[in-house]
Amino acid sequence: MAKRKKEAEKNTNDSLSENVHIKGAGSINDEVITDTLTQNYMPYAMSVILSRAIPEIDGFKPSHRKLLYTMYNMGLLQGGTIKSANIVGRTMQLNPHGDAAIYETMIRLSRGNETLLYPFVESKGNFGKAYSKNMMYAASRYTEAKLAPICHELFDDIKSDTVDFVDNYDNTMKEPTLLPVTFPTVLCNVTTGIAVGMASSIASFNIREICDTTIALMKNPNHIVSDTLLTPDFVGGGYILYDKDELEKIYSTGRGSVKVRARYTYDKKYNCIDIIQIPPTTTSEAIIDKIIELVKTNKIKEISDIRDETDLSGLKITIDLKRGIDPDKFMTKLYKMTPLQDSFSCNFNVLIKGRPMVLGVKSILLEWIDFRLECIRRRINFNLDKKRKQLHLLKGLSKIFLDIDKAIKIIRETESEAEVVPNLMIGFGIDEIQAEYVAEIKLRHLNREYILKRIKDIEQLENDVADLESTLSSKNKMKKIIITELDAVAKKYDTGRKSEILYDTSEEVEEEVYEVPDYSVTLFITEQGYFKKIKTANLRMSGEQKVKEGDSVIQEVECSNRDELLFFTNQCRVYKSKVDDFTDTKASVLGEYVPSKLEMAQDEQVVYTAVLSEYTGYMIFAFENGKLAKVDMSAYATKTNRKKLINAYSSKAPLAQAIYIKEDTELVLGSSAERFLLINTGAILPKSTKDTQGISAMKLKKNQKVVSIREYREGEFEKPWRYRAKNLPAAGALLSEADTAKQMTF
């Protein structure tokens, strides 16, 4: 044993002595870490940025482009669908990734998955849903697909040398570096991606608004984008909470966020809320899980049940409410506490000529215009070369036409085939290309009729060449081509906005819901827009109402502190508020200035204030042109409790005066000619459209106009029938002497 141990130690020592002589063994080399990162990590990072995660100016990442181009080469722009597995397998010739990654790319581009506002793949079968993580897609062997019609806008120019082609990964095929898209696809679909050290998150916009904005920028580079591009538009719909400052930030810098709110309906019969559209940043499962969590922690007590009722008709999350719960107030609470209201973060990071750049909407569109101009230039050059070559050949043929027998004789008498082309060149004074073309003509075509048919196109070709050369030399003409294409795309593919815009919602969500105290108050509204609320019980002890110099009280209304206020302004808007929003005051103060309190626009003034306990009755609008509009108050009731409504009344003619009536009554319409018309509002049909122009009520002569409208006071006219009319419009009547005297006493 001792001998064996000594031999083992000797072998170990011999082995160690041999290792000592290995070059560099056991030594520590000093290396700069930045050099190591540059050599080993940077190539990987650049590959992820340039070849995977960041879209280019055509709106596609390489994986999208390879898939769509493969489908185009398979002829899937026409005809029926084919198995997805077939498409995935063929795509692997361009995309060296696994079939799962390629299939997931197809899923996202498909109509069935509902990820894109304008999908590029028509799908058949179960492609899952973007709004549900549990609704998974079927395997590729079960589903079918083809290209959507909108893909014509991606590929129609691709064979006209509009873009560069490169070898695929194994140099066996060619693929395009970009697609010659005829509209800014980069801003028409949501695109997200995470690279190394940077990310991209591009919101989708309505195709009509994008095309109109691009056209406007081509006509005027200083065009204000927000004038034509309202807000992003998402495939899932919902409500966009309009924030002008944030949108301007996105449009100019490419960074910012857009608040999106779910859309819901209330079923009164079953006392339940159906959520039918949700923000693009969440899923139905996430919403349900969050609501269940809030119920378990007793933060929400208004729910008796919640379930997912999504079916083939679309998304539906149903919430059963307990008895007596206000659905609108409850949804306001849910918006604050759940993903039913969420923000889509924008980071418009796009590859421009191989460089990642964060650009605003305007800058992206200007880059796209430059890209498309280059595509148009290359397409014109391609067509020009074809027509020039054709024209060149036909001109050679026209020389042959002058003496067909001579051409036949030259060919017949030439001893060797190689000498035919040179002999034709010498015999007719044509070049080698023309001679080769003539030599290839079949014997049966060497007749007068055939050659005449061919050379008659010379004049048309010359005109076409001249037109193409003229277009090529004019940037404005090329821009007109792009504008025409954009108009055609917008008309063909615009299906309207999916997401509705909610304006001025900053005050919409109350911090907390509380019981508004109910007591009697008297409101005083002045001509210059000041508002005072005084408890009716204290009014007896008050003195004269204080107003600014030159101002006067035009409305005095007794109502409840729980009532609502509708402030109609001179800019055809109505601002909704509550009486309780204004503080109780006394007669010795001026009151609150309504335009400032409600954050109205500059030069916007209140023209009439309606006080109501519920949305019943009618708003009557008298216009200076003699028209009278009767709008049902339900038109101003909104489920989302918006604080401002646009188009509150018609802007077609100047407003003379407005008045709120709880029920049909008699009104007195007065003109600048001191004529009065007595009208019963029951004879006028109410409208649910706020900005209706109404009916013609009062006939007016030149330079006359309606100046007032008010409720008829019993006994105001001695003979009321004098001021009534059988048919409208009517001119009304001048005041009688007796009525003139009465007017002085009222």
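Residues numbered from 1 in each chain as written. Predicted model: local features only at pLDDT ≥ 70, side-chain atom pairs only at ≥ 80, totals over all residues. Heavy atoms only, no water.

A.B. asks: Honestly, the pattern of salt bridges in this entry has me stumped. Any pointers?
C.D. replies: One side chain can pair with another of opposite charge once the charged atoms of both are near each other. Considering all chains together, one arrives at 32 salt bridges under this definition. Between K129 and E114 there is a salt bridge whose closest N-O contact spans 2.8 Å. Residue K129 is found in the loop between β2 (121–124) and β3 (144–147), and its partner E114 is found in the loop between α6 (99–109) and β2; the two are separated by 15 residues along the sequence. You can call E114 partly exposed: its relative accessible area is 33%. Close ionic contact of E309 with R307 constitutes a salt bridge, the shortest N to O distance being 2.7 Å. Take E309: its relative accessible area is 29%, and that puts it in the partly exposed class. The class of R307 is partly exposed, set by a relative accessible area of 29%. What emerges from the salt-bridge pattern is a single network uniting D157, R372, R379 and E485. (Salt bridge = Lys/Arg side-chain N within 4 Å of Asp/Glu carboxyl O. Helix = DSSP H or I, 4+ residues; strand = E, 2+ residues; numbered from the N terminus. Buried < 20%, exposed > 50% of the residue type's maximum accessible area, 1.4 Å probe, protein only.)

A.B. asks: It is not clear to me how helix α14 (residues 420–428) should be interpreted in this structure. Could you clarify?
C.D. replies: Owing to its 3.6 residues per turn, the α-helix brings residues three or four apart onto one side. V420, V421, L424 and F428 are the residues of α14 that are buried. Buried positions in α14, seen along its axis, are confined to an arc of 95° and lie on one side of it. Packed against the buried residues of α14 are α12 (361–401), α13 (404–413) and α15 (432–439). Of the residues one or two after α14, G429 is the one with positive phi, at around 70°. (Arc of directions from axis to C-beta. Contact = heavy atoms within 4.5 Å.)

A.B. asks: Help me understand the nonpolar core, please; the structure alone is not making it clear to me.
C.D. replies: Proteins that are soluble and globular tend to have nonpolar side chains buried together. Of all hydrophobic cores here, the largest spans 97 residues; its most connected members are F155, L187 and F348. Ranked by residues supplied to this core, first place goes to α12 with 15 residues. Discounting chain neighbours no more than four positions away, the residues touching L187 are I202, A203, S204, F205, I210, F348, V361, I364 and L365. Among the nonpolar cores identified, the runner-up in size contains 38 residues, and A622, I659, L667 and L669 belong to it. (Core = buried A, V, L, I, M, F, W, Y, C linked by side-chain atoms within 4.5 Å.)

A.B. asks: Got a minute to help me understand empty space enclosed by the protein in this structure?
C.D. replies: Where empty space is left can be seen by rolling a probe of water-molecule size over the atoms. A full pass over the atoms with the stated rule returns three cavities of 30 Å³ or more. Empty space within the largest cavity amounts to approximately 70 Å³. Along its surface, the largest cavity is lined by D58, G59, F60, H64, R108, L109, L116, F120, T185, N189, V190 and T191. A per-class count over the lining of the largest cavity returns five nonpolar, five polar and two charged. (1 Å grid on protein atoms, 1.4 Å probe; cavity = no way out; pocket = protein on both sides within 12 Å on 5 of 7 lines; lining within 4 Å. Points joined across faces, edges and corners; volume = space filled by probe spheres on them. Nonpolar A, V, L, I, M, F, W, Y, C, P; charged D, E, K, R; others polar.)

A.B. asks: How should I be thinking about the sheet that holds strand β29 (residues 666–671) in this particular structure?
C.D. replies: Paired through backbone hydrogen bonds, the strands of a sheet run either parallel or antiparallel to each other. Sheet architecture is open: four strands sit in the order β32-β29-β30-β33, paired in antiparallel fashion. Two strands close off the open sheet at either side, each with one partner strand: β32 (706–711) and β33 (733–734). Inspection of the sheet shows β29 paired to strand β30 (residues 675–680) by five bridges, in the antiparallel sense. Residue pairing for β30: G670 is matched across the bridge by F676. (Pairing = 2+ DSSP bridges.)

A.B. asks: Any chance you could explain the side chain of T231 here in plain terms?
C.D. replies: The topology assignment puts T231 in the loop between α8 (207–219) and β8 (239–241). At a separation of 2.8 Å, a polar atom in the side chain of T231 contacts the side chain of R497. Apart from the residues lying within four places of it in its own chain, the contact partners of T231 are F205, E209, I240, Y242, L247, Y251, R497 and I501. (Polar contact = N/O pair within 3.5 Å; in protein donor to acceptor, adjacent residues only side chain to side chain.)

In short, shape yes, function no, at least from these values alone.
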